[in-house]
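Geometric and topological summary
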Amino acid sequence: MKTLHSKAFRRRARQLLATASVVAAALAFANTASAQTLTIESWRNDDADVWNTKIIPAFNKKHPNIKVQFKADPPTEYNAALNARLAGGTAGDLITCRPFDASLDLFKKGSLVSVNDVKGLENFSDVAKSAWSTDDGKTTFCMPMASVIHGFVYNKEIFDELKLTPPKTVAEFHAVLDKIKADGKYTPIAMGTADQWEAATMGLQNIGVNYWKGEEGRKALIEGKQKFTDKPYVDAFKELASWAPYMGDGYKAQKYPDTQNLFTLGRAAIYPAGSWDVPIFRKQADFEFDAFAPPVVNAGDKCYISDHTDIAIGINAKSQNMDAAKTFLSWVASPEFAEIYANELPGFFPLSKAKVEVKDPVAAKFVGWRGTCESSIRNSYQILSRGTPNLENELWNVSAQVMNGAMKPEEAAKKAQDGLASWYEPQKK
Amino acid sequence: MTDITASSVPVTDVVPTRSRFSIHIAVFLAPALAIYTLFSIYPLIDTIRLSLYAGDETGARSFVGLQNFYTLLTDPNWSGQFWNAFSNNLIFFAIHMVVQNGIGLGLAMLLSLPRLTGGSVYRTLIFLPTMLSVVIIGFIWQLMLNPLWGIAPSLLKAAGLGSLFGPWLGQESTALLTVSLISVWQFVGIPMMLIYAALLNIPDDLLDAATVDGAGPFSVFWFVRLPLILPTLGVVSVLTFVANFNAFDLIYAIKGALAGPNFSTDILGTFFYRTFFGFQLQVGSPTMGAAVATAMLIIILIGVLIYLFGVQRKLQRHSF
């Protein structure tokens, strides 16, 4: 009885072993077959189509031997999923880089390699590279791809109907809002606070640059020369608070897709925008729309825009196809890529020095502000969001609360400052 | 509920050549034990181990003892969030205990009415949401409660009660309650089913005897049925407790990992997610996350122990 059992058991074990070895062989074969395939990790699942039908084919015309695969996660899950895959050694060869600390962290942990030696990096300015360089600026670990610009998109038909002109100053902006509100047919500002980031990004960072004078204020915060409780920051929060009466019914529970729909359905006049909204509106809105830059405080003031370095691409340190990956990165740095990217995804603006013509008129308007206004990046991104509490999270929270009327502008400024000062040395004084 | 089968096997009948028996036990236990050890016990212990370490910026980890727990409970940046999440979780649990289990009990009573027609239809309908994905539940309820195009404001307006509507999911004062009630709506079928099964188990003789003795419907419920289903209510409570303190998905689906406004819907699950995986510019810390997870484990353990030693031992079980 016993021997019979053990015989059967041994037979089973042999079968199992045989199956296992077949599977292993199949896996090994699959590995060698895909030796020249590059996989891109990205959070831009909205752009998968453009990558697969335009960008990758264009690359393959020049480099037919290298296959490229685009693999995207939803934006909110990207960081977590990528970290898990990097830790498990299953991440793709090319990694789409978030700006600043998220990628710097990956570089320090040895997950990304330096791209200093990749041809084409010289096509980018220091500002463009700053988001993906070490603090001393010596090593760059991702090839910059694009930036996004904030501003306001407005419904041209509503503006024509109510005989309004795009405002240039804050006072004009409020006059326009009052007129739309008095008419009563349309929601003046399409914006909601339920997702919180809308309030911080499309609200505070969008208009704030005009208050804290772009790079000047951003650098002063990092050096500890300015505080969030200073007048420019409190004023920006105050302006934000004043939008509340102009926003839609129940804006406190309104989410980002609601906001987009409110505008594309023609029910709202002004939409505080990120330039990435332009291609979406192009598809969905059946009316003409245009854009105006964030209004300045006083007529004749110098204008600033949030021209935020947003997306880059780096190489997984564990990639088996290092050379192919570097070839791809050099191509990303080329004017050819910039041209395709800018026009297939209007609203993402190439960072390279190459002159690129943006064909979409509204997107072209956004990028045109680079010529007339000073560019700056979001003030919470570089260095200041390294500690606990996280400054970016705090700004989301307080901006939404200010717009909800749950917090006074001064309190919001104080909360942001206290949080920052609790761990950031230059701000502790 | 009955021990008849076990006690009816005469112990003395065991054949002395039962040495093979132990192999059988091992063989039959092995699959469950292996799977449970691999996917549950090992990760649990490894999480506790990880919570005693801290990582630096290069990713190297070093042993720090209870430092993470000390930070979690004493550093105002961490403890504020932790206790906020904990108290929100208590409220979340209290709402489930009162509303979900209360309604579940009521529905089970109604379903067990002897002259109810279409009982199985109701049963299925009420249980249906439990089987739907949380993402779908979150999406449907957000649509219904949407202030711009939801059905809730239009219905209230049609009834002339438009002024009662508010952006419930977006207000600090109402968001947690609203999310809790959505979760109650989804899961009310589970206590209902468990209690319904317990009610069906009560022999009619007992109820008839009580009625003959002159007890009204209320007395029958209060003095006969309720004591008999108390063990089930205990099980339902502990299931609710464990599920609520592990909850994450619905809040994440509706409010995101930052659980706004102003962290008013933040519970331990979302707090853990932010800590472990990071959020936007916040870089995740696996070691601190493990500390939060261990704290959650301890909280759940304390709750379950209170139930086991404080409640379950005092419960009388009846066999019919």
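This text goes with the structure placed above it.
Here goes a summary of the coordinates provided. (Residues numbered from 1 in each chain as written. Chains lettered and ligands numbered in written order. Predicted model: local features only at pLDDT ≥ 70, side-chain atom pairs only at ≥ 80, totals over all residues.)

Another aspect to go through is the overall build of chain B. Along chain B, the regular secondary structure elements total 14 helices and 4 strands. Taken over the C-alpha trace, chain B has a radius of gyration of 25 Å; the compact-globule value for 320 residues is 20 Å, which it surpasses by more than 25%. Dimensions of chain B, computed from C-alpha atoms along their principal axes, come out at roughly 75 × 70 × 30 Å. Counting across all 320 residues of chain B, residues that qualify as buried make up 29%. Here the analysis covers contacts within chain B between residues at least 6 apart in sequence; of these, 66% occur between residues at least 24 apart. (Helix = DSSP H or I, 4+ residues; strand = E, 2+ residues; numbered from the N terminus. Rg over C-alpha atoms; globule rule 2.2 N^0.38 Å. Buried ≥ 20, exposed ≤ 12 C-beta atoms within 10 Å, placed from the backbone. Contact = placed C-beta atoms within 7 Å.)

Listed per partner, the contact involves 36 residues of chain A and 27 residues of chain B. Contributions of two or more residues to the side of chain A that touches chain B are made by helix H3 (75-88), helix H4 (101-108), helix H11 (256-264) and helix H16 (391-404) of chain A. Looking at the side of chain A that touches chain B element by element, the count peaks at 7 residues for H16 of chain A. A class-by-class count of the residues in the side of chain A that touches chain B yields 10 nonpolar, 17 polar and 9 charged. (Nonpolar A, V, L, I, M, F, W, Y, C, P; charged D, E, K, R; others polar.)

Residues and elements named next belong to chain A. As defined by bridge partners, strand E1 (residues 37-42) adjoins strand E2 (residues 67-72) across 6 bridges and the pair is classed as parallel. Within E2, the position partnered with Thr37 by the bridge is Lys67. Crossover connection from E1 via helix H2 (residues 48-62) to parallel E2: handedness right-handed. (Pairing = 2+ DSSP bridges. Right-handed = clockwise from strand over helix to strand, strands pointing away.)

Turning to the environment of Lys71 of chain A, a few remarks are in order. All names here are of chain A. For Lys71, the location among the structural elements is in strand E2. Through-space distance from the C-alpha of Lys71 to that of Asn45 is 7.9 Å; in sequence the pair is 26 residues apart. Contact partners of Lys71, with chain neighbours within four places excluded, come to Thr39, Ile40, Glu41, Ser42 and Gly92.

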